[in-house]
Amino acid sequence: MKRDAKSFQRIYQYLLQLLAHEGMQLEKGQTLNEFASRIDHRYRTKDMSRLTAIYGRMVYRGQFRPEDTQRITELWKNLVKQIRA
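Criteria and cut-off values
Residues numbered from 1 in each chain as written. Predicted model: local features only at pLDDT ≥ 70, side-chain atom pairs only at ≥ 80, totals over all residues. Heavy atoms only, no water. Core = buried A, V, L, I, M, F, W, Y, C linked by side-chain atoms within 4.5 Å. Buried < 20%, exposed > 50% of the residue type's maximum accessible area, 1.4 Å probe, protein only. Helix = DSSP H or I, 4+ residues; strand = E, 2+ residues; numbered from the N terminus. Contact = heavy atoms within 4.5 Å. Salt bridge = Lys/Arg side-chain N within 4 Å of Asp/Glu carboxyl O. Axes fitted to C-alpha atoms, helices over the stretch in contact; angles between N-to-C directions. Parallel < 35°, antiparallel > 145°, perpendicular 65-115°, else oblique. Left-handed = near helix turned anticlockwise from the far one by under 90°. Nonpolar A, V, L, I, M, F, W, Y, C, P; charged D, E, K, R; others polar.

Draft legend 1. Representation of the nonpolar core within the structure. Of all hydrophobic cores here, the largest spans 24 residues; its most connected members are Phe8, Leu15, Leu19, Met48 and Leu51. Among the elements that line this core, the one with the most residues is helix α1 (residues 5-21), at seven residues. In this view, leucine 15 contacts Met48, Leu51, Trp76, Leu79, Val80 and Ile83; residues no more than four positions away in its chain are not counted.

Draft legend 2. Geometry of the pattern of salt bridges. According to the stated counting rule, one finds six salt bridges in the structure shown. As a salt-bridge pair, glutamate 27 and arginine 38 come within 3.6 Å of each other at their nearest N and O atoms. You can see glutamate 27 sitting in the loop between α1 and α2 (32-43) and its partner arginine 38 sitting in helix α2, a full 11 residues away along the chain. Put simply, aspartate 47 and arginine 50 hold a salt bridge, and the shortest N to O gap is 3.7 Å. Within this pair, aspartate 47 and its partner arginine 50 are both found in helix α3 (residues 47-61), separated by three residues, close to a single helical turn. Judged by relative accessible area, which is 9%, aspartate 47 ranks as buried. On the accessibility criterion, arginine 50 (39% relative accessible area) is partly exposed. A single salt-bridge network, built from bridges that share partners, covers Arg57, Arg65, Glu67 and Asp68.

Draft legend 3. Structural context of the packing of α1 against α3. The interhelical angle for the contact between α1 and α3, taken along N-to-C directions, is 135°, at an axis separation of 11 Å. By the criterion of interaxial angle, the relationship of α1 to α3 is oblique. In the crossing of α1 with α3, the sense of the turn from one axis to the other is left-handed. Of α3, the residues touching α1 (which contributes Ala5, Phe8, Gln9, Tyr12, Gln13, Leu15, Leu16 and Leu19) are Met48, Leu51, Thr52, Ile54, Tyr55 and Met58. Its residues assigned to classes, the contact of α1 with α3 comprises 11 nonpolar, three polar and no charged.

Draft legend 4. Quick peek at the packing of α1 against α2. The contact between α1 and α2 brings their axes to 13 Å, and the two run at 60°. Classified by the angle their axes make, α1 and α2 are oblique. The chirality of how α1 crosses α2 is left-handed. Between α1 and α2, the contacting residues are Tyr12, Leu16 and Leu19 on the first element and Leu32, Phe35, Ile39 and Tyr43 on the second. Counted by class, the contact of α1 with α2 contains seven nonpolar, no polar and no charged residues.

Encoded structure:
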């Protein structure tokens, strides 16, 4: 993953598409944090909430820290593995 906000936004959107393909869509009126909590409950993890917190900070506050890239990649890979399992 490149160390920029646009790349992170793309992989987060891919993750949402992957989850929707597995029947876990973001419901109308549901916040990303509520959705993340539901995903975490299903997969018995906190990775989606952690990733969503970073995403929210980036989208709503305009804060993206390139040093978070390794953590973002790790969380994303963990989630993709669990979803595809």
